[in-house]
Amino acid sequence: MDANGSCAVEVQPAVRHGIHGENTVGIGEPAARTGLPVKTIRCYSDIGLLPESGRSRGGHRRYTADALSRLRLIQRLRAPRPPAAYRQRPAMTSADVMGMENMG
């Protein structure tokens, strides 16, 4: 129990060192932080969108901290939203179209 009477425990990810000495985490950590399924992250790794830092002795994929920013970039790029320039342009009305037809 802490000073406030809480029994909450903060769980820290299991961090290990990768093949180049950087800190790495298992696939569950980026999945939990991004909300993406582990299967999706595996797919991104398999097709080359998300490079692995290496594998654990047991063959589990390991990722560095920059994998999280890469996953968030992939999420933004996959979002089904039109570019900002199109979202800010007001929609044309039928009167606008009629006016354009009368011009020429």
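Computed from a prediction, not measured in an experiment: that's the story for all the values here.

Colleague: How should helix H3 (residues 66-78) be read in this particular structure?
Modeller: Its 13 residues place the ends of H3 19 Å apart at the C-alpha level, agreeing with the 18 Å of an ideal helix rising 1.5 Å per residue. When H3 is considered as a whole, its buried residues turn out to be Ala 67, Leu 68, Leu 71 and Ile 74. For H3, the buried positions fall inside an angular range of 120° around the axis, keeping them on one side. Along H3, exposed side chains directed more than 90 degrees from the buried face belong to Asp 66, Arg 76 and Leu 77. Residues of H3 that are buried sit in contact with helix H1 (28-34), helix H2 (38-46) and strand E4 (61-63).

Colleague: Help me out: how do you make sense of the pattern of salt bridges in this one?
Modeller: Under the counting rule described, the total for this entry stands at four salt bridges. Between Glu 52 and Arg 55 there is a salt bridge, with the nearest N and O atoms lying 2.9 Å from each other. Accessibility expressed as a relative area gives 29% for Glu 52, which makes it partly exposed. Judged by its relative accessible area of 46%, Arg 55 is partly exposed. A salt bridge links Glu 52 to Arg 61; its shortest N-O distance comes to 3.1 Å. Because the salt bridges share partners, they merge into one network encompassing Asp 46, Glu 52, Arg 55 and Arg 61.

Cut-offs used in this document
Residues numbered from 1 in each chain as written. Predicted model: local features only at pLDDT ≥ 70, side-chain atom pairs only at ≥ 80, totals over all residues. Heavy atoms only, no water. Helix = DSSP H or I, 4+ residues; strand = E, 2+ residues; numbered from the N terminus. Expected span 1.5 Å × (residues − 1). Buried < 20%, exposed > 50% of the residue type's maximum accessible area, 1.4 Å probe, protein only. Arc of directions from axis to C-beta. Contact = heavy atoms within 4.5 Å. Salt bridge = Lys/Arg side-chain N within 4 Å of Asp/Glu carboxyl O.

These figures come from the coordinates and say nothing about function on their own.
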